[in-house]
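Commentary on secondary and tertiary structure
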Amino acid sequence: MPSIVLASELRSILGVSSSLYNDAYLEQIIDTSENIILPMLVTFSSPVRAVKLEENVAFFYTTTIHEFTEGQSVVIAGCGSPFNGTRTVTADEIGEYVFTAAITNADILEKNVIPAGTATLTGASTYVGNANVKSAVLVIAVEVFQARTAAGGQIEGIDFTVSPFRLGRSLFNKCALLLGPYLDTETMVG
């Protein structure tokens, strides 16, 4: 479900009617756009490589240095039951690559999480109301819409010239300046 741009906003920008493109169709395009933009932004998220539970204390082992501190709410996903959910970081053990949370359950031996789960600070990845991020999502959404509706992903201009495929590598460059202050530099590979 889109959170940064509404279907009605995209519909207005595209100038299309609801009888031609319903909300579900436009929301799918917005979801695609948000799924492209949001992972590039600072989210204070770490992959979880292993978990264990001892005496109602859950241990989460991360592959990268996490930014979590005692008392913060962290959303755990992809780690299975009973680990998944919103958890409050406890002071039982906090290190660069490990943090704990209270979970009432029988003990579970340490196990690897394959593929890695995620631990994300709640609220940190919410860019709702941020004009730059909203504009970037709209740029991508318009490009995705055009790629879907134009034959072969190409648009023909009024002078009958065909423009190149719209979802090319340079698409990110259209948004780079908008997102600059919010990009997560730790996710970039040199």
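This text gives an overview of the structure that appears in the document. Here the structure is a predicted model, which is why all the values come from computation and not from measurement.

Let us now look at the packing of helix H2 (residues 23–37) against helix H3 (residues 131–149). Where H2 contacts H3, the two axes come as close as 8 Å, and the packing angle between them is 125°. What the angle tells us is that H2 and H3 run oblique. Here H2 and H3 pass one another in a crossing that is right-handed. Where H2 abuts H3, its residues Tyr-25, Leu-26, Gln-28, Ile-29, Thr-32, Ser-33, Glu-34, Ile-36 and Ile-37 lie against Val-133, Ala-136, Val-137, Ile-140, Ala-141, Val-144, Phe-145, Arg-148 and Thr-149.

The first and last C-alpha atoms of H2 sit 21 Å apart over 15 residues, in line with the 21 Å expected at 1.5 Å per residue. The secondary structure elements touched by the buried residues of H2 are helix H1 (7–14), H3 and helix H4 (171–179).

This part takes up the packing of aromatic side chains. Within the structure shown, the criterion is met by 5 aromatic pairs. Measuring from ring centre to ring centre gives 5.1 Å for Phe-68 and Phe-99, while their planes differ by 75°; the resulting arrangement is edge-to-face. Remark: Phe-99 occurs in strand E5 (residues 98–102) and Phe-68 occurs in the loop between strand E2 (57–62) and strand E3 (73–77); sequence separation between them is 31 residues. A residue is classified by how much of its surface remains accessible, and Phe-99, at 1% relative accessible area, is buried. Feature note: the residues Phe-60, Phe-68, Phe-83 and Phe-99 constitute an aromatic cluster, connected by ring pairs. The ring of Phe-59 is capped by Lys-52, whose NZ or CZ atom sits 4.9 Å from the centre of that ring. Of note, Arg-148 hangs over the ring of Tyr-25, and the distance from its end group to the ring centre comes to 5.4 Å.

About the criteria used
- Residues numbered from 1 in each chain as written.
- Predicted model: local features only at pLDDT ≥ 70, side-chain atom pairs only at ≥ 80, totals over all residues.
- Heavy atoms only, no water.
- Axes fitted to C-alpha atoms, helices over the stretch in contact; angles between N-to-C directions.
- Helix = DSSP H or I, 4+ residues; strand = E, 2+ residues; numbered from the N terminus.
- Parallel < 35°, antiparallel > 145°, perpendicular 65-115°, else oblique.
- Left-handed = near helix turned anticlockwise from the far one by under 90°.
- Contact = heavy atoms within 4.5 Å.
- Expected span 1.5 Å × (residues − 1).
- Phe/Tyr/Trp six-rings, centres within 6.5 Å; stacked < 30°, edge-to-face > 60°.
- Buried < 20%, exposed > 50% of the residue type's maximum accessible area, 1.4 Å probe, protein only.
- Lys NZ or Arg CZ within 6 Å of the ring centre and 35° of its normal.

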